[in-house]
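Commentary on secondary and tertiary structure
Here is what each chain is made of, one letter per residue.
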Amino acid sequence: MNQRILLVSAIAALAGFLFGFDTIVISGAEKKLQVLWNSSDTFHGTVVIGMALFGTVFGALFGGIPTNKMGRKNTLMWIGVLYSVSAIGSALATDPISFGIFRFIGGLGVGASTVAAPTYISEISPTKNRGTLVGLYQLMLVVGILIAFISNYLLSDIGDNDWRWMVGVEAFPAILYTFLVFFIPKSPRWLVIKGKTVEAQQVLERIQSDIQVADIQAAQIAAKKTTVSKEHIFLRRYRYPLLLAFLMAFFNQFSGINAFLYYAPRIFEAAGLGSSTALLSSIGIGVVNIVFTLLALTLIDRWGRKKLMYFGSAGYIFSLSMVSAAFLLNWSGYAVPIFLFLFVASHSIGQGAVIWVFIAEVFPNHLRGSGQAFGCSVHWVLAWIIPSMVPLLFSKIGPGPVFAFFSFMMVLQLLFVIFLMPETRGTSLEDLQKKLYR
């Protein structure tokens, strides 16, 4: 693999590390904050937890605008600023409203990063390694999750204000990331779209890429011949990639993965584990996540996206059914962690590894930012709604029926993979443009 492209991709993928850290760090502090501010389940779920998720919706929904206008690189730099401000502000917050506002700012960074980072990496990657390189974003995400779990465990019970350290420590990697992004090149495909072909050629030579400016230009010319005035992704000719992006994002969240990760310690405690053991079990989730994400990255360009989704879907259905049964039938406390570990493994090798790669592949170059924003918006709207409802659903109907519903949704995902999902492995972005729409 081209080492320069690998390095540049890894730096861009660090946005995923901050995504994972920012998303999960609240899990160690959320119960303490609910007690500290005496919040109801509804207020706690929608403000203390939900404001960050609400921010991701806006970040994803509008992230395509700066990604297209300012460029992928400049957007990634501003994302680092948002993460930094959020971490520092959340640590200094004195009430749930100000805490929610700063978490909202961090959510903007999370949502925008799911648009800009996979788009950027897909556009600098050679075809044969595109799945692996874009998958680095997911790898960094799960590393961020693990580090957040470890950080929460180490910082728990260091004092009454341990939650401030939990949410504030993110400022250190956020500032470092912002500095590193300054040194990466701009996307050559974005430069071609903007008519800067000389600069695009210089970038390709700098990173020693085998991508040809002429091929990118040819695809742009072909696209312009069929382009209508004020073209957008909701035109009839783009309905197939639009449907693919929607369903991929839809099923990602209806697996229950974010609902679980946000409340992992709470769920483990509901299964009968002590609070300390619950936090430690959360670290195990992070380890499983990394191991199976690494496995997925070695397979995604060999086996393809579709085959990984088959394995992931089957694992989802079995593991979620067993978690539901464990709660409904009151199995021993350690049955739930075992099946939840399997659930996370299934996610990591399937949806977790595929979603950001797949959505970044199915739209044309000139609409990729908008298409990525659409898919990510669907993802984050659901990631806001579903986890925000978890405290209320668990208290009203219990975890068993909730996990049973998630299992049923994964049966529907398997049908989507069988009948609708195309294989994108080994095909250039420009050739995919010809296959998926006319």
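Preceding block: the structure.
Quantities reported herein were computed from a predicted structural model and do not represent experimental measurements. (Residues numbered from 1 in each chain as written. Predicted model: local features only at pLDDT ≥ 70, side-chain atom pairs only at ≥ 80, totals over all residues. Heavy atoms only, no water.)

Bringing the packing of aromatic side chains into the picture now. Under the definition given, this model contains 29 aromatic pairs. Aromatic pair F54 and F104: ring centres 6.0 Å apart, planes at 50°, arrangement tilted. Of this pair, F54 sits in helix α3 (residues 41-69) while F104 sits in helix α5 (residues 96-124), and the two are 50 residues apart along the sequence. Aromatic pair Y137 and W356: ring centres 5.9 Å apart, planes at 85°, arrangement edge-to-face. Residue Y137 is located in helix α6 (residues 130-155), and its partner W356 is located in helix α18 (residues 351-361); the two are separated by 219 residues in the primary sequence. Grouping residues by exposure puts Y137 and W356 together as buried. One aromatic cluster in this structure is built from F246, F250, F251, F254, F327, F394, F403, F405, F406 and F416. Looking at K73, its charged tip hangs above the ring of F182, at a distance of 5.7 Å from the centre. (Phe/Tyr/Trp six-rings, centres within 6.5 Å; stacked < 30°, edge-to-face > 60°. Helix = DSSP H or I, 4+ residues; strand = E, 2+ residues; numbered from the N terminus. Buried < 20%, exposed > 50% of the residue type's maximum accessible area, 1.4 Å probe, protein only. Lys NZ or Arg CZ within 6 Å of the ring centre and 35° of its normal.)

Moving on, we come to the environment of L82. By the element assignment, L82 lies in helix α4 (residues 72-92). Each C-alpha atom, one on L82 and one on F104, is 9.7 Å from the other, the two residues being 22 residues apart in sequence. Contact partners of L82, with chain neighbours within four places excluded, come to I105, G106, L108 and G109. (Contact = heavy atoms within 4.5 Å.)

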